[in-house]
Amino acid sequence: MAGWRGSRGGGERAVEHISSSRSIRLGKVQPQAPGHRTVFCNDREANALARFKGNSVSTTKYDVITFLPKGLFEQFRRVANLYFLMISILSCTPVSPVSPVTNVLPLALVLLVSLIKEAWEDWKRFQNDMAINNSTVEVLQDQKWVFTPWKKLQVGDIVKVNQDGFFPADLLFLASTNPDGVCYIETANLDGETNLKIRKALEKTWDYLTPEKVSEFKGELQCEQPNNSLYTFTGNLIISKQTLPLSPNQLLLRGCSLRNTDYIVGAVIFTGHETKVMMNSMKIPSKRSTLEKKLDKLILTLFTVLFCMCLLGAIGSGIFINRKYYYLRFDKSEKQFDPDNRVVVGILTFFTLITLYSPIIPISLYVSVEMIKFIQSTQFINNDLRMYHAESNTPALARTSNLNEELGQVEYIFSDKTGTLTRNLMEFFKCSIGGEIYGTGVSEIEMGTAQRSGVKVEAQKQSNVAREKGFNFDDARLMRGAWRNEPNSDSCKEFFRCLAICHTVLPEGEETPEKIRYQAASPDEAALVTAAKSFGFFFYKRSPTTISVRESHVEKMGKVQDVQYEILNVLEFNSTRKRQSVVCRYPDGRLVLYCKGADTVIYERLADQGNELKSVTREHLEQFGASGLRTLCLAYRNLSPDLYESWNDKYIQAKSALNDREKKLDEVAELIEKDLILIGATAIEDKLQEGVPACIETLARAGIKIWVLTGDKMETAINIAYACKLINNNMKQFIISCETDAIREVEDKGDPVELARFMKETVKNELKKCQEEAQQYLHSVSRPKLALVIDGKCLMYALDPSLRVTLLNVSLNCSAVVCCRVSPLQKAQVTSLVRKGANRITLSIGDGANDVSMIQAAHVGVGISGQEGMQAVMASDFAIAQFRFLTELLLVHGRWSYLRICKVVTYFFYKNLTFTLTQFWFTFQTGYSGQRFYDDWFQSLYNVIFTALPVIIIGLFDKDVNASLSKKYPELYKEGIRNVFFKWRVVATWAFFAIYQSLVLYHLVVASSSRAVNSAGKMFGVWDVSTMAFTCVVITVNLRLLMMCNNITRWHHISVGGSILAWFIFVFIYSGFVLPKAQENIYFVIYVLMSTFYFYFTLLLVPVAALFGDFVYLGVQRWFFPYDYQIVQEIHRHEADNSRIGLLEIGNNDLTPDEARSYAIMQLPGQKSKHTGFAFDSPGYESFFASQAGVYVPQKAWDVARRASMKPSWSKTPRKN
């Protein structure tokens, strides 16, 4: 990488620096296609001219015609498969010394397995598509409802959907059985949210319910072109020459279901793949792990080695071919042995040797790695009880198996705050009304702040009154009508009415305070309406035009009255406006606009009067923020009828616009949302999730740096960061904020160009100052940890191409970074900045739709299945229910997966290099002619059968330390961050021993066989020697695998023993029959060999000699240069492995815990401990099976007795608890 960077290894933190000349590209928003479509409702002939798409959907990748070509194309996109194809073609030519079956058969098997897997997955998709396409819906035909398959629907058709039915396409909502043309829908299939949403038909279409009446409906619909925006829709409906504006309120999306409504009638607008849900079902960006990319480099390196070996052989062949070797009968009849044309000889020999040495690149590597990763995901991660959340009944879910080992190398975590670090269970906690603070509780953050300051704070004792969910407020001054006695009682009344009226909440159930349920778009909304109910303003009924509130104690204490407010306009909340307004008419005719929103937005729109209240409330907001509470400001404005009427005309006009409707509506809203009168502010507590501080502390010890990206205010974000131990008082903090006096002065001048210039300059100076200070701190003796806090406005300028690298340099040297007030796009840009700019492995974790871009931008995306729907989960690579499960996911499963995959890849590299080099040494004794040393079938089955299973077993079951020790010593994780186990130095070490072993295996066997004779007194031939050498190779590489295992289970014994046994069974059968000419030389070879003492002597001596160097190296390395995990192994070598990672047992729920435990014990296999050799060593069985089965096995008498008998040998070692 350009620039300079300190070492990443060791215990000291390195100074990070990225070259300023480096350009880093970040993501941007894609523009939408222009234009609109015209649909004629209930008129198929008119719509036929437009040729709209049908309603049949297909999610399959292939069809019958494209399966083979497209499937093969997918397979040959891998460089390795392309290489094997080339080798297979070469093996079919005359230059090949081996039979075509040697290379064609393994390739065909690999392709067959991959294509069968693809076909099976696609078949399941096809069956799912067929089930959906053949679902039926009632369609209007000849003045009656006729059941028709979804796939036959056309744009413009009129359909009837019954209660609990799904909408078959995107529909224009015309009429409903509910009064006032209202229906309730559930959007769980779209965004995972189960709360009901209200949709309202246009008043002009309410009557179109019966088939006879609907047949008369002939409307013309002009709307936007199909797009993937789920929450926007613009269009006009022209009926009887009258143009009516359409909004998302009249759109029913495919995939949603109808609730609490007998049936609805709708007109089809978008069908099939043009529906919004199908346009959103794009594939998650294809991600490949960093280790897999390095594997490609290793394959290219092997190819280079292969090229050099073949080139050396080709040059040797050209030199060796000489007429002086007359007895070899070189002549011109074969161009490969023509002494007069040495160049052609060299070229042909080059291609001959490529086919001969082709096993150096293992064809089964990718298949084995994919199989291992798949089992790791489905069996280990998905079934880990330690990542199972009982309250929500949610296990962990690996949505892809490509990135398992990436979890073991993560250096940067980007986390959302709300719902990720916190519970997203909002509780109304405090409020400020008319300049007075109400609420006596102490928040979690306040307790944490007090602890840091050394002040002892006791939480206020809660009264015995049962609290409702969402309401954790206690202050006698406001409860049970006591607010009437407050000096600001009028402000209190407006405050409560604003809470009860300004929202989009839907009430469900009986109209009583105890039994009613609120369906809200967000937990905040539900908490505010619940608070209004608790204060005596009970919202119990909503229609499209009215809200009914049961008000208590308004006119006098104890009096309850039902008041109906007419809702004239709802100016909805969005991420740009950051506020929501409602225009309502009181029963007495008073017109009021109620508005609630972010403090920054509301304060900009307040009237000039009441400055004292503004400043006092701002102080209260800062106080709430310091307590980690989420704040909203409430305001209102009295409207005159004339002002409202003139504004409403503009609003209706903007609502009817086909182009830029959202923008025009926002502009019109600005005209009325001004001169507001401040009422007060609300403060809602979102408690931290269980175990978050401990998790963050553990991850920090593991060398992982955590960045929090949130839309909250800076004070709230900083205090949450303190509460979850992301930031502490020992850290040096850099704060870059736009809330400074200098920036406010420029803001007041109202020149946006000057403001942008000034802010960019300020941010630039702040970043340079932070960078200089960071260098001083990092080179000081104390070397304190650093933290950076930056807000969204400053971040916008800091992400400018000219400042991006400076921001990156400052950030990389910080242990924690908090970005406040950031947009979803900025979250993705910050993630991309570190991923692309610093080239570090990143993980993003979030729970909401606003986290999707961040999740997809990181190397690994983790979704939290929480309160904000499932969009984050659907876009993620892994899904968990709680933030604290990251410890298990990264430090246990991630680290184990990384360690295992590294071992699998390096072992594959070693065993194939060893095998190929024995053939290479043989070439020197055959005049570089390309004569094969091994039989074709030996070479074909070496990777497929004789060495295949043990490497899969190590990829599944190898475990350096158990799960509890992995979390007890999180520093072990740093080995993955530094990529200790897959460096070129590690590859070079394996290559050295492969060369050493191949020399020993080849030369010892050849040298010892030169004087050996069979039982008939004859010398051994080339096939006798090669069979002996191959036997030694198979035994050596399998035994070498056992030497690299950290724990040995019965499966290791079965796989290694089974592989060696498989070789002997195969060679006995293969040698026992007279085969075609190409293989006739191998006939009876093994029987001849095994009848000699030489065979058994060589079988014992050669593998021992070959592995002796490895044995010495491993001993020296463990004693003098140990890895971190080896030190931990030594510390705990006498301790039983009592960690039990339980596996979820699906289908055994009817067993009691004791029965389940007995059943699990019964299923456990025995195992021999590597350290002691005793079967069933230790009460926990130090094996994968016991630790993974979640079984507690009590100590048995014989086990205790045996352990006591062993005690003297290790009693001097202190026992670790």
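Calculation rules
Residues numbered from 1 in each chain as written. Predicted model: local features only at pLDDT ≥ 70, side-chain atom pairs only at ≥ 80, totals over all residues. Heavy atoms only, no water. Helix = DSSP H or I, 4+ residues; strand = E, 2+ residues; numbered from the N terminus. Buried < 20%, exposed > 50% of the residue type's maximum accessible area, 1.4 Å probe, protein only. Contact = heavy atoms within 4.5 Å. Areas by Shrake-Rupley, 256 points an atom, 1.4 Å probe, with all protein chains shown as cover. UniProt positions renumbered as here; feature names shortened; annotations may be inferred. Pairing = 2+ DSSP bridges. Axes fitted to C-alpha atoms, helices over the stretch in contact; angles between N-to-C directions. Lys, Arg positive; Asp, Glu negative; His and termini not counted. Salt bridge = Lys/Arg side-chain N within 4 Å of Asp/Glu carboxyl O. Patch = residues over 30% accessible without salt bridge, like charges linked within 9 Å, V, L, I, M, F, W, Y side chains within 5 Å. Core = buried A, V, L, I, M, F, W, Y, C linked by side-chain atoms within 4.5 Å. Left-handed = near helix turned anticlockwise from the far one by under 90°. Nonpolar A, V, L, I, M, F, W, Y, C, P; charged D, E, K, R; others polar. Expected span 1.5 Å × (residues − 1). pLDDT = per-residue confidence, 0-100. 1 Å grid on protein atoms, 1.4 Å probe; cavity = no way out; pocket = protein on both sides within 12 Å on 5 of 7 lines; lining within 4 Å. Points joined across faces, edges and corners; volume = space filled by probe spheres on them. Phe/Tyr/Trp six-rings, centres within 6.5 Å; stacked < 30°, edge-to-face > 60°. Lys NZ or Arg CZ within 6 Å of the ring centre and 35° of its normal.

For the protein chain, the count of helices and strands is 40 helices and 33 strands. The buried share among the 1217 residues of the protein chain stands at 54%. Contacts spanning at least 24 positions in sequence make up 74% of the contacts within the protein chain whose residues lie at least 6 apart. A total accessible area of about 54,000 Å² is found for the protein chain, and carbon and sulfur atoms account for 57% of it.

Time to look at the UniProt feature "transmembrane region" (unreviewed entry) in the protein chain. Mapped onto this structure's residue numbering, the UniProt feature "transmembrane region" (unreviewed entry) falls at residues 298-323, 343-367, 904-922, 942-961, 982-1005, 1025-1042, 1054-1073 and 1093-1116. Measuring from the first to the last C-alpha atom of residues 343-367 gives 39 Å, for a span that is 68% helix and 0% strand. For residues 982-1005, the end-to-end C-alpha separation is 32 Å, with 92% helix and 0% strand making up the annotated structure.

Turning our eyes to something else, we now look at the pairing of strand β26 (residues 677-688). Of all twelve residues that make up β26, ten are buried, and the element is covered over most of its length. Bridge analysis of strand β16 (residues 422-433) against β26 gives eight bridges, and the strand direction is antiparallel. In the strand pairing of β26, Met 426 is matched with Asp 686. Pairing geometry for strand β25 (residues 629-639) and β26, over eight bridges, is antiparallel. Within β26, the residue paired with Thr 631 across the bridge is Ala 683.

In space, the three strands of this open sheet follow the order β7-β6-β12, with antiparallel pairing throughout. Edge positions in the sheet fall to β7 (197-200) and β12 (257-259), since each has one partner strand and no second. On average, adjacent strands in this sheet sit at an angle of 45 degrees to one another, irrespective of strand direction. Bridge count for strand β6 (residues 182-186) against β7 is four bridges, and the pairing is antiparallel. Each bridged residue has a counterpart across the sheet, and for Ile 185 the counterpart in β7 is Lys 197.

Next up on the list: the side chain of Lys 160. Within the secondary structure, Lys 160 sits in strand β4 (residues 158-162). This buried residue, Lys 160, is left without a salt bridge; Glu 138 holds the nearest opposite charge, at 4.0 Å. Apart from the residues within four sequence positions on either side, Lys 160 is in contact with Val 137, Glu 138, Trp 145, Tyr 263 and Ile 264.

Our next topic: a nonpolar patch on the surface. Together, Phe 1108, Phe 1111, Val 1112, Val 1116, Trp 1119, Phe 1120 and Phe 1121 make up a nonpolar patch on the protein surface, roughly 890 Å² of accessible area in all. Looking at the secondary structure, you find Phe 1111 in helix α36 (residues 1093-1120).

A word on the nonpolar core. In this structure, Val 905, Phe 938, Phe 1030 and Trp 1063 are the most contacted members of the largest nonpolar core, which totals 108 residues. For this core, the element with the most residues is helix α27 (residues 886-923), which contributes 16 residues. Every residue in contact with Phe 1030, bar those within four places of it in the chain, is listed here: Phe 915, Tyr 934, Phe 938, Tyr 942, Phe 946 and Trp 1063.

Two numbers describe how helix α32 (residues 984-1009) lies on helix α33 (residues 1022-1043): the axes approach to 10 Å, and their chain directions differ by 145 degrees. The two elements α32 and α33 meet at a crossing, and its hand is right-handed. Contact with α32, carried on its side by Trp 990, Gln 997, Leu 1001, Val 1005, Val 1006 and Ser 1009, involves Val 1025, Met 1028, Ala 1029, Cys 1032, Val 1033, Thr 1036 and Arg 1040 of α33 and no other residues of that element. Of the residues in the contact of α32 with α33, the class split is nine nonpolar, three polar and one charged.

With respect to the helices, strands and loops of the structure, Thr 394 is situated in the loop between α10 (365-381) and β14 (397-398). Under the relative-accessibility criterion, Thr 394 is labelled buried at 16%. Discounting residues that sit within four places of it in the chain, Thr 394 has contacts with Met 387, Tyr 388, His 389, Ser 865 and Ala 881.

What follows concerns the pairing of strand β9 (residues 235-239). Counting buried positions over the five residues of β9 gives four, a clear majority of the element. Judged from the five bridges that link them, β9 and strand β10 (residues 242-246) form a sheet pairing that is antiparallel. The residue bridging Gly 235 from the neighbouring strand is Leu 246, located in β10. Two successive antiparallel strands, β9 and β10, enclose a turn made up of two residues, where Ser 240 displays a positive phi of approximately 50 degrees.

Okay, helix α24 (residues 824-838) next. Every α-helix winds through 3.6 residues per turn, so residues three or four apart in the chain are directed the same way. Here α24 spans 21 Å end to end across 15 residues, near enough to the 21 Å set by a 1.5 Å rise per residue. For α24, the full list of buried residues reads Gln 826, Lys 827, Ala 828, Gln 829, Val 830, Thr 831, Ser 832, Leu 833, Val 834, Gly 837 and Ala 838.

Moving on to unusual backbone geometry. At Ser 240, a residue that is not glycine, the phi angle is positive and equals roughly 50 degrees. Turning to its location among the elements, Ser 240 is positioned in the loop between β9 and β10. Given the relative accessible area of 70%, Ser 240 is considered exposed.

A separate point is the pattern of salt bridges. Under the counting rule described, the total for this entry stands at 36 salt bridges. Note that Arg 579 is salt-bridged to Glu 670, the shortest N-O span being 3.2 Å. Highlighted residues: Arg 579 in strand β23 (residues 579-585) and Glu 670 in helix α17 (residues 661-672), separated in sequence by 91 residues. Overall, the relative accessible area of 2% leaves Arg 579 in the buried class. When salt bridges with common partners are traced through the structure, they connect Arg 579, Glu 604, Arg 605, Glu 670 and Glu 673 into a single cluster.

Before going further, it helps to examine the confidence of the model for the protein chain. Here the protein chain shows a mean pLDDT of 81. Residues at 70 or above account for 84%. The low-confidence segment residues 1145-1152 (pLDDT under 50) makes three contacts with residues lying over four places distant or belonging to another chain. Scored below 50 in pLDDT, residues 1155-1217 shows 111 contacts in the model against residues more than four places distant or in partner chains.

Quick look at the sheet that holds strand β22 (residues 560-571) now. Taken in spatial order, the nine strands line up as β17-β16-β26-β25-β24-β23-β22-β21-β20 in an open sheet, and their pairing is antiparallel. Of all the strands in the sheet, just β17 (436-438) and β20 (537-542) have a single pairing partner and so form its edges. For this sheet, the mean inter-axis angle between neighbouring strands, taken without regard to orientation, is 30 degrees. Note: β23 against strand β24 (residues 591-597), seven bridges, orientation antiparallel.

Moving on, we get to empty space enclosed by the protein. It is a probe the size of a water molecule, rolled over the atoms, that shows where empty space is left. Taken as a whole, this structure holds eight cavities of 30 Å³ or more when the rule is applied. In this structure, the largest cavity encloses a volume near 180 Å³. Taken together, 15 residues form the lining of the largest cavity, with Thr 102, Asn 103, Pro 106, Pro 359 and Ile 363 sitting closest to its centre. Mapped by element, the contributors of at least two residues to the lining of the largest cavity are α3 (79-91), α4 (101-133) and α28 (936-946). Its residues placed into classes, the lining of the largest cavity shows eight nonpolar, seven polar and no charged.

Let us look at the packing of aromatic side chains. Describing an aromatic ring pair means giving the distance of the ring centres and the angle of the ring planes. Under the counting rule described, the total for this entry stands at 58 aromatic pairs. Arranged with centres 5.2 Å apart and planes meeting at 75 degrees, the rings of Phe 992 and Phe 993 form a pair that is edge-to-face. Relative accessible area serves as the criterion here: at 8%, Phe 993 is assigned to the buried category. The rings of Phe 915, Phe 922, Phe 933, Tyr 934, Phe 938, Tyr 942, Phe 946, Tyr 1002, Phe 1030, Trp 1063, Phe 1066 and Tyr 1070 are connected pair by pair, giving a single aromatic cluster. Lying across the ring of Tyr 263, Lys 160 places its NZ or CZ 4.5 Å from the centre. Above the plane of the ring of Tyr 540 lies Arg 550, whose end atom (NZ or CZ) is 4.4 Å from the centre.

Tracing the chain through its elements places Leu 913 in helix α27. On the accessibility criterion, Leu 913 (7% relative accessible area) is buried. Each C-alpha atom of the pair Leu 913 and Leu 302 lies 8.9 Å from the other, and the pair is 611 residues apart in sequence. Aside from chain neighbours lying at most four places away, what touches Leu 913 is Ile 360, Ala 991 and Ala 994.

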